[in-house]
Amino acid sequence: MPTKKKIDNKAEKKEPKKHVVMVVEDDRFLNKAYTDKLQREGFDVLVAIDGEEALQRLKEKLPDVILLDVIMPRMSGFDFLEAIQNNPTFKKVPVVIISNLGQEEDIIRGKQLGAVDYLVKTELSINDIAVKVLEIINKHKKK
Amino acid sequence: MDKSFLIKILDHISAGVLVFDRNSKIIYANKNVYFLLDKKNRNIKKYPALFKDDQKITDFIFQELEHGPSAGKVFKIGKNKKNLFLQIIPFAKNHLLLLEDVGEILRVRNEIEKMKTSFVSLASHQLLTPLSSIRYFTEMLKDEEIGTLNEFQMDYISQIYDSTKRMIVLIKELLSASRLESGKFHFNKEGIQLDDLVDAVIEEFSIVTRANNCKIIVSKIPNPLPSLYLDRASLRQIIVNLLDNAIKYSSKKSAIIKVNIEINDKCLLTISDQGIGIPRKDQKKVFDKFFRSDNALKLNANGSGLGLYMVKLLVNALGGEIWFESKEGKGTVFYISLPLRLTEETKA
């Protein structure tokens, strides 16, 4: 059994501030799984059930990273990525796609639309997802 | 029966019926022969003239007469490329040629295939979503993130977790098989060192091989091996599925599994085991979808029956061939012959 990777989600020493993740997922069970896990690992979590709601939430608060499903009602993950390209502030937020669509053409399309990474749900543990989220936040901060 | 009545019947059936003699002379042809072949001239004396633009059809007819008839074949015939089923029935003096328009049947079959593929893709995706959440919640329970579990609770949660993972694998296999069957699989050509790939897969199986007391020995000719230019994911899946079977169906302690790679103008991959073997009565069905032989079921109730089916689909799609030798109680050897590189024709 592979060892579970630990998540070192320490806040900055001088002004401790939690990292903010926006979870964009229409399935309420998956939504809860991501939210519970990420909150336990020290993240603040914003939730949207599809791309349209995610666009609205972005206007209220900018997250450090967006965890984005693809197949959703009203506005899909790909449509959301296209929509944020028109907003110079929104498009700076790194987006990680997490989907069960795992074909090469889906991955290429996601990255062409600006996603920084593409995760396939069934290939990762929930812990791997949390580790990945923190990696992306830290990588993006260094830039 | 009255001959003229028989001819009336033949003129009214949808099939084309043609009788010719040993000198290829047409003795009788109903009107549908000319209709199906778009021939206005009904004074053609010899049947090859009906197919003068389609050499492969006259070759087929010749083969059927020389070597004995088959069940027939579908050809695209004529200017309009109609899908016509052609069958030859030889007799002592004269021979029968049957033609049937199967365009509509093929069209409906293709529609059904497309609907099946869409359904499988949608169903698989919809099934994978709740399975993903079951997996995530059981992972968090197993990792005791919300409280410690006693031994029995841990055992039950582990059973749920393992079953969930098996279901996910099964659905993904069904989805892959469906895509391959419909020709929607995309292959990527890249340089592959097959021995490195085999070693990586063996490493993945290391815990299982230890638990099953198996040893895997790899040999290669030449050393070092030249690169193959094929699809890595497909090659990996082929090796995984065959090694998984070899390990799973080992009946001996200290069983040895041999993997041999030989590359010259083709790549020959051989995987041999000392396992339970495949009973002779089952050997024709081994590559069938969902098939599992009785001795395999007795030894190991788990398994989707898709492993070898997928291997054959992948090998064929890569332009290769697969065959095997097996003796019940002794073991099995699988041979996979692959081209050295993907070409436009070998891509799915």
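Residues numbered from 1 in each chain as written. Chains lettered and ligands numbered in written order. Predicted model: local features only at pLDDT ≥ 70, side-chain atom pairs only at ≥ 80, totals over all residues. Heavy atoms only, no water.

Q: Can you walk me through the overall build of chain B in this structure?
A: Along chain B, the regular secondary structure elements total ten helices and twelve strands. Taking the intrachain contacts of chain B between residues at least 6 apart in sequence as the baseline, contacts between residues at least 24 apart amount to 57%. Total accessible area on chain B stands at roughly 19,900 Å², and carbon and sulfur atoms take up 55% of it. (Helix = DSSP H or I, 4+ residues; strand = E, 2+ residues; numbered from the N terminus. Contact = heavy atoms within 4.5 Å. Areas by Shrake-Rupley, 256 points an atom, 1.4 Å probe, with all protein chains shown as cover.)

Q: In this structure, what is going on with the packing of aromatic side chains? I would like to understand it.
A: Each aromatic ring pair is described using two quantities: the centre-to-centre distance and the angle formed by the ring planes. All names here are of chain B. Taken as a whole and judged by the stated rule, the model has seven aromatic pairs over all chains. Relative to Phe324, the ring of Phe287 lies with its centre 5.9 Å away and its plane at 70 degrees, an arrangement referred to as edge-to-face. A residue pair is termed long-range when its members are at least 10 positions apart, and Phe287 in the loop between β10 (267–272) and α9 (294–299) and Phe324 in strand β11 (residues 321–327) qualify at 37 residues. Take Phe287 and Phe324: they sit in the same class, and that class is buried. One aromatic cluster is present, formed by Phe287, Phe324 and Phe334 through successive ring pairs. The positively charged end of Lys82 is found above the aromatic ring belonging to Phe35, 5.1 Å away from the centroid. Directly above the aromatic system of Phe287 lies the positively charged group of Lys312, at a separation of 5.9 Å from the ring centroid. (Phe/Tyr/Trp six-rings, centres within 6.5 Å; stacked < 30°, edge-to-face > 60°. Buried < 20%, exposed > 50% of the residue type's maximum accessible area, 1.4 Å probe, protein only. Lys NZ or Arg CZ within 6 Å of the ring centre and 35° of its normal.)

Q: I would appreciate a short explanation of the interface of chain A and chain B in the present structure.
A: Interface extent is often summarised as the accessible area lost during association of the parts. Taken together, the contacts link 24 residues of chain A with 21 residues of chain B. Where chain A packs against chain B, one counts three salt bridges. One can count nine residue pairs in polar contact (both at pLDDT 80 or more) joining chain A with chain B. The set of elements that each furnish at least two residues to the side of chain A that touches chain B consists of α1 (28–40), α4 (104–112) and α5 (126–142) of chain A. (Salt bridge = Lys/Arg side-chain N within 4 Å of Asp/Glu carboxyl O. Polar contact = N/O pair within 3.5 Å; in protein donor to acceptor, adjacent residues only side chain to side chain.)

Q: Mind showing me how you'd approach a nonpolar patch on the surface here?
A: All names here are of chain B. Together, Met1, Phe5, Leu6, Ile9 and Ile13 make up a nonpolar patch on the protein surface, roughly 490 Å² of accessible area in all. Its place among the elements puts Ile9 in helix α1 (residues 3–12). Judged by its relative accessible area of 34%, Ile9 is partly exposed. (Patch = residues over 30% accessible without salt bridge, like charges linked within 9 Å, V, L, I, M, F, W, Y side chains within 5 Å.)

Q: Please clarify how the confidence of the model for chain A should be interpreted in this entry.
A: Low-pLDDT portions of the prediction should not be read for the details of their coordinates. Per-residue pLDDT for chain A averages 88, and the proportion of residues at 70 or more is 92%. Predicted confidence is poor over residues 11–15 of chain A, with pLDDT under 50, and the contacts of this stretch with residues over four places away or in other chains come to three contacts. (pLDDT = per-residue confidence, 0-100.)

Q: For this particular structure, what's the right way to read a positive patch on the surface?
A: Residues and elements named next belong to chain B. A cluster of basic residues, Lys56, Lys73, Lys76 and Lys81, forms a positive patch on the protein surface. Relative to the helices and strands, Lys76 resides in strand β3 (residues 73–77). Given a relative accessible area of 45%, Lys76 falls into the partly exposed group. (Lys, Arg positive; Asp, Glu negative; His and termini not counted. Charge placed at Lys NZ, Arg CZ, Asp CG, Glu CD.)

Q: How do you make sense of the nonpolar core when you look at a structure like this?
A: Nonpolar side chains tend toward joint burial in soluble globular proteins. All names here are of chain B. Residues Leu194 and Leu243 are the most contacted members of the largest nonpolar core, which totals 49 residues. Ranked by residues supplied to this core, first place goes to helix α8 (residues 232–248) with eight residues. Contacts of Leu243, omitting those with residues within four sequence positions, involve Val201, Ile202, Phe205, Ile216, Ile257, Val259 and Ile271. (Core = buried A, V, L, I, M, F, W, Y, C linked by side-chain atoms within 4.5 Å.)

Q: Looking at this structure, I do not really get unusual backbone geometry. What am I missing?
A: Trans peptide bonds make up the majority, and among non-glycine residues the majority have a negative phi. At the junction of B:Ile221 and B:Pro222, the peptide bond is cis and its omega measures out at -5 degrees in the coordinates. Residue B:Pro224 is reached from B:Asn223 by a cis peptide bond, and omega for that bond is 5 degrees. Note on placement: B:Pro224 falls in the loop between β7 (214–221) and β8 (228–230). Located in the positive-phi region is A:Arg74, a residue other than glycine, with phi close to 60 degrees. With phi around 60 degrees, B:Asn213 is a residue other than glycine that occupies positive phi space.

Q: I tried to follow α5(A) on my own but got confused; where do I start?
A: Since the α-helix turns once every 3.6 residues, residues separated by three or four places project in the same direction. Across its 17 residues, α5(A) extends 25 Å between first and last C-alpha, which sits within 8% of the 24 Å expected from 1.5 Å per residue. Taken as a whole, α5(A) has its buried residues at A:Ile126, A:Asn127, A:Ile129, A:Ala130, A:Val131, A:Val133, A:Leu134, A:Ile136 and A:Ile137. (Expected span 1.5 Å × (residues − 1).)

Q: I keep staring at the sheet that holds strand β5 (residues 94–101) of chain B and nothing clicks. Help me out?
A: For sheets, the rule is that strands pair by backbone hydrogen bonds, running either parallel or antiparallel. Residues and elements named next belong to chain B. Strand order across the open sheet formed by five strands is β2-β1-β5-β4-β3, with antiparallel pairing between neighbours. Edge strands, defined here as strands with exactly one partner in the open sheet, are β2 (26–29) and β3. Here the average twist between neighbouring strands, direction ignored, is 25 degrees. Sitting on the sheet, helix α3 (residues 55–67) touches β1 (16–21), β3, β4 (82–90) and β5, and the angle it makes with β4 is about 25 degrees. (Pairing = 2+ DSSP bridges. Axes fitted to C-alpha atoms, helices over the stretch in contact; angles between N-to-C directions.)

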